[in-house]
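# Notes for the structure review
Chain residues, written in single-letter form:
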Amino acid sequence: MPQFFMNKRLIILLVSIIILVALIGFSIRSRDKLTWPEQFIKDTSGWVQTLVSRPAHYVAGFIDNVRDLQSTYEENKELKSKLEELGKLEYQVQGLQKENATLHETLEEKENLSSYNPMNATVIRRNPDRWRELLTINKGSSNGVKKNMAVMTASGLIGKVKSVSTGTATVQLLSSEDPTNRISAVIQEDSKKKGDKVFGLIVDYDKESKYLIMESTEDSKKAKIKKGQLVTTSGLGGVFPEGLPVGKVVKVEPDKDGLTNNIFIQPAADFYDIEHVIIIKRTATQPDDIEEEKGL
């Protein structure tokens, strides 16, 4: 009995091997068409592969897109940071260029004013509430600064020293609303047509037009005052030296009473933007208690 089963198993094994070889031979031979089992298996496996691959591709694509977005976000963040740094550098360069140009102009003007014993100073404080009236500079009595000394920028006169401490000084601007802040000035004669100089006092500042107002008793028509004529300090009164630039004539209007003329002057200096100034020391001995210029 056991021998029979052993022979039966051997026969089954041999038959299986024969069938397998026949199938292999049948499958590797060149055929134009596949059998329906092969087609079924291939179609089924292809459908299963498609069913599995589409979600896999979708997930892989989604992951790639997320990675691309993260990479783009990081690149944009880095570019934004670089742009901000570039913007800061640009502002710094512009500021340095402006300061450099201002310093050059100040030094050139200082050379022109060498006969007046000028001194450079820097603005260190300016109250927003009194921006058009006062500013503080970094030079004081220890540097030889005294009350009522003229103060100017490279462009022109801006005011005078109002008070002095050891290391600082307060400057009162021409745009101040103080009615006692008067300066003796003169309109220079026209270079094209010679004539007499016109003297007067800087008595006010128009906040709307930003013009200085000079008061003169001379007839503007007879004096032939014209737009564009230069206005400088006259040197009268013994406080300010002669010849400091004040501005240019813009227009002339008679006063309300008709007895004087109001001469509107475009300031040579910008009262709003002041960083570096020049203090004009007196060349002659003057009393330290002179407080205001009376236009004598």
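See the structure shown above.
Residues numbered from 1 in each chain as written. Predicted model: local features only at pLDDT ≥ 70, side-chain atom pairs only at ≥ 80, totals over all residues. Heavy atoms only, no water.

As enumerated under the stated definition, the model contains two aromatic pairs in all. When the centroid spacing of 5.6 Å and the interplanar angle of 45° are considered together, the rings of W131 and Y272 count as tilted. Here W131, found in the loop between β1 (118-125) and β2 (134-137), pairs with Y272, found in the loop between β11 (261-267) and β12 (276-280); they are 141 residues apart in sequence, far enough to count as distant. W131 sits in the partly exposed class, given a relative accessible area of 28%. Between Y205 and F271 the ring centres are 6.0 Å apart and the planes differ by 65°, which places this aromatic pair in the edge-to-face class. (Phe/Tyr/Trp six-rings, centres within 6.5 Å; stacked < 30°, edge-to-face > 60°. Helix = DSSP H or I, 4+ residues; strand = E, 2+ residues; numbered from the N terminus. Buried < 20%, exposed > 50% of the residue type's maximum accessible area, 1.4 Å probe, protein only.)

One non-glycine residue, N148, lies in positive phi territory at about 75°. Turning to its location among the elements, N148 is positioned in the loop between β2 and β3 (150-152). Positive phi outside glycine occurs at K210, with the angle close to 65°. Within the secondary structure layout, K210 lies in the loop between β7 (198-206) and β8 (211-216). Taking the relative accessible area as the measure of exposure, K210 reaches 54% and is therefore exposed.

Take the sheet that holds β7 next. With antiparallel pairing, six strands are arranged side by side around a closed barrel as β6-β7-β8-β11-β10-β9. Each adjacent strand pair in this sheet contributes to an overall mean axis angle of 45°, direction not counted. Here strand β6 (residues 183-187) pairs with β7 via five bridges, running antiparallel. By the bridge assignment for β7, V186 is matched with F199. (Pairing = 2+ DSSP bridges. Axes fitted to C-alpha atoms, helices over the stretch in contact; angles between N-to-C directions.)

It is worth spelling out the nonpolar core at this point. Core analysis: the largest hydrophobic core is formed by 41 residues, its most contacted members being I137 and L157. A total of four residues in this core trace back to one element, the largest contributor, which is β12. Each residue touching L157, except ones within four places of it in the same chain, is listed here: A150, V151, M152, L174, I183, T233, F240, L244, P245, V246, A269 and F271. Listed in part, the five residues of the second largest apolar core include L201, V203, Y211 and I213. (Core = buried A, V, L, I, M, F, W, Y, C linked by side-chain atoms within 4.5 Å. Contact = heavy atoms within 4.5 Å.)

In this section: a nonpolar patch on the surface. Together, L10, L13, L14, I17 and V21 give the surface a local cluster of nonpolar side chains, amounting to about 460 Å² of exposed area. Mapped onto the secondary structure, L13 falls in helix α1 (residues 2-28). The exposure class of L13 is partly exposed, given its relative accessible area of 47%. (Patch = residues over 30% accessible without salt bridge, like charges linked within 9 Å, V, L, I, M, F, W, Y side chains within 5 Å. Areas by Shrake-Rupley, 256 points an atom, 1.4 Å probe, with all protein chains shown as cover. Salt bridge = Lys/Arg side-chain N within 4 Å of Asp/Glu carboxyl O.)

Right, let's get into the sheet that holds strand β5 (residues 169-173). Taken in spatial order, the six strands close into a barrel running β1-β2-β5-β4-β3-β12, and their pairing is antiparallel. Direction aside, neighbouring strands of the sheet carry axes that sit 45° apart on average. Sheet analysis places β3 next to strand β4 (residues 157-164), joined by three bridges and oriented antiparallel. Residue V151 lies in a different strand from β4, and its bridge partner there is G159.

With that out of the way, let us pick up the pattern of salt bridges. One pass over the full model with this rule turns up four salt bridges. Across the pair R132 and E177 runs a salt bridge whose closest N-O atoms are separated by 3.3 Å. Remark: E177 occurs in the loop between β5 and β6 and R132 occurs in the loop between β1 and β2; sequence separation between them is 45 residues. Residue class for E177 comes out partly exposed when judged on its relative accessible area of 45%. Two residues, E177 and K207, come together in a salt bridge whose shortest N-O distance is 3.2 Å.

What follows concerns the pairing of β8. The element β8 is largely enclosed, with a buried count of five among its six residues. Two elements, β7 and β8, share five bridges in a ladder whose sense is antiparallel. Paired with Y205 across the bridge in β8 is L212. Where β7 folds back onto β8 in an antiparallel hairpin, the turn is made up of four residues, including K210, whose phi is positive at roughly 65°. Both β8 and β11 contribute to a ladder of five bridges, which runs antiparallel. Bridge assignment links I213 to a residue of β11, and that residue is F264.

Moving on: the side chain of S175. Structurally, S175 can be placed in the loop between β5 and β6. Separated by 2.5 Å, the side chain of S175 and the backbone oxygen of R132 make a polar contact. Residues in contact with S175, not counting those within four places in the same chain, are R132, Y205 and F271. (Polar contact = N/O pair within 3.5 Å; in protein donor to acceptor, adjacent residues only side chain to side chain.)

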